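Chain by chain, the residues run as shown.
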Amino acid sequence: MAARPCIVPPSPLGRAPRAPRADGAACEWLRLAPASLQGALLALITRDTTGLVLSDAQRLTHFPASPFVTLSWFRGADVGLVTPEPSWSPFGAPVVISGSQSHPTVSWAPTTGYGHVLCFNADAARALFGLDLAAIQDRFVSVDEAIGPEFAPLWADLFASSDADVPAVLERHLARRWQVLQGRDSIRPSLQQLGRHWVERLAWQAGQWARVHSPRHVERRVKSFSGRSLREWQSIVRTEGLFFAARERHEAGLPFDWPTLALDQGFTDQAHMIRSVKRITGFSPTEFAERFTDDESFWMYRLWM
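Residues numbered from 1 in each chain as written. Predicted model: local features only at pLDDT ≥ 70, side-chain atom pairs only at ≥ 80, totals over all residues. Heavy atoms only, no water.

Our next topic: the overall build of the protein. Looking only at helices and strands, the protein features 12 helices and 10 strands. When the 305 residues of the protein are sorted by exposure, 48% land in the buried category. A separation threshold of at least 6 residues defines the contact pool for the protein, and within that pool the share at least 24 residues apart is 74%. Of the accessible surface of the protein, which amounts to about 14,700 Å², a share of 55% is contributed by carbon and sulfur atoms. (Helix = DSSP H or I, 4+ residues; strand = E, 2+ residues; numbered from the N terminus. Buried < 20%, exposed > 50% of the residue type's maximum accessible area, 1.4 Å probe, protein only. Contact = heavy atoms within 4.5 Å. Areas by Shrake-Rupley, 256 points an atom, 1.4 Å probe, with all protein chains shown as cover.)

And the structure:
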């Protein structure tokens with residue numbers, strides 16, 4: 001068998017302008033979960049670049065640090081992670097799952113293609129799929145490695161389904177299981193509220209444990225249950241709140257007032273905010289805002305926020 005050719009990706013810090021779309025048509029979409037899966041599935045994200053002419057740097061995708069579990073599958077694109085050297089590590093599987101990410105990540109593919117990303121609340125994914133959250137945090141692994149074979153029909157149906165059919169496939173395979181496990185809320189929260197709500201529930205659970213256990217024991221239980229410390233979860237949610245607040249100011253035509261935004265979102269000062277934003281995204285708030293507006297590779301942030 002011939003050896004796989006060495007592929008050199010662009011630098012993960014490389015910049016490229018947003019690519020023109022024919023007639024302004026969108027090539028990425030974000031849809032909320034169907035009603036039967038609310039509280040478990042946050043959103044379905046789709047990106048189809050098959051009709052675009054993209055440079056190497058335009059095929060980068062930047063992802064923030066995140067408390068969510070994601071499940072991704074791809075058609076026509078060999079996707080993988082890019083590291084600063086730069087080097088490229090393809091996922092090597094058509095369907096992959098990742099746990100919570102404590103650092104921003106950058107993916108890339110040598111060709112255009114089609115991909116889906118499902119975003120789950122961590123505790124819901126744990127219950128639905130029997131996941132060991134600690135084993136997949138800060139990793140992307142094949143679903144065959146992380147999840148039992150009983151879900152093989154789901155992966156097959158997702159991979160074979162058209163974009164429009166994916167919600168129905170998810171409901172057919174997961175809705176009954178989710179309703180048995182936890183039921184669904186009657187309120188349809190926003191994406192921002194979903195992440196914050198999960199961390200608030202985790203804090204409530206830690207408070208319950210603290211009634212009968214020492215602080216050190218509670219910390220160990222939180223890490224065992226969720227994959228990382230409560231303080232780390234709260235930092236991620238606080239920084240995400242900053243992103244939403246900054247976007248609201250931008251859309252209202254107001255200048256970014258970073259010191260005020262920092263205090264409003266619960267940071268001790270502007271320096272604390274800058275450190276948190278760099279840890280979550282890899283960039284300072286000012287550079288992030290510029291890239292959010294101008295760079296093709298920040299399409300995920302524009303969809304999410």
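Moving on from the model shown.
A word on the environment of glycine 51. Position of glycine 51 relative to the elements: it lies in the loop between strand S2 (41-48) and strand S3 (61-63). Classification of glycine 51 by relative accessible area gives exposed; the value is 70%.

Here we take up the nonpolar core. Ranked by size, the top nonpolar core spans 33 residues in total, and within it Leu71, Phe120, Phe129, Trp155 and Leu158 carry the most contacts. Of all the elements in the fold, those that place two or more residues in this core are S2, strand S4 (69-75), strand S7 (95-98), strand S9 (114-120), helix H1 (122-129), helix H2 (133-136), helix H4 (152-160) and helix H5 (166-181). Considering each element in turn, this core owes the most residues, 6 residues, to H5. Not counting the four nearest positions on each side in its chain, leucine 71 is found in contact with Val95, Val96, Ile97, His116, Val117, Leu118, Phe120, Val143, Trp155 and Leu158. Grouped together as the second largest cluster of nonpolar side chains are 18 residues, Phe243, Ala245, Ala246 and Met273 included. (Core = buried A, V, L, I, M, F, W, Y, C linked by side-chain atoms within 4.5 Å.)

Moving on: the sheet that holds S2. Read from one edge to the other, the open sheet built from 6 strands follows the order S1-S2-S9-S4-S7-S10, with strand pairing classed as antiparallel. Edge positions in the sheet fall to strand S1 (28-32) and strand S10 (140-142), since each has one partner strand and no second. Recorded for the sheet is a direction-independent mean angle of 20° between the axes of neighbouring strands. Where S2 and S9 come together, 7 bridges link them in antiparallel fashion. Each residue of the ladder has a partner; that of arginine 47, found in S9, is glycine 115. (Pairing = 2+ DSSP bridges. Axes fitted to C-alpha atoms, helices over the stretch in contact; angles between N-to-C directions.)

Looking at the protein, pLDDT values average 84 and 86% of them are 70 or higher. Within the model, the stretch residues 183-189 combines pLDDT values under 50 with 12 contacts to residues more than four positions away or in other chains. (pLDDT = per-residue confidence, 0-100.)

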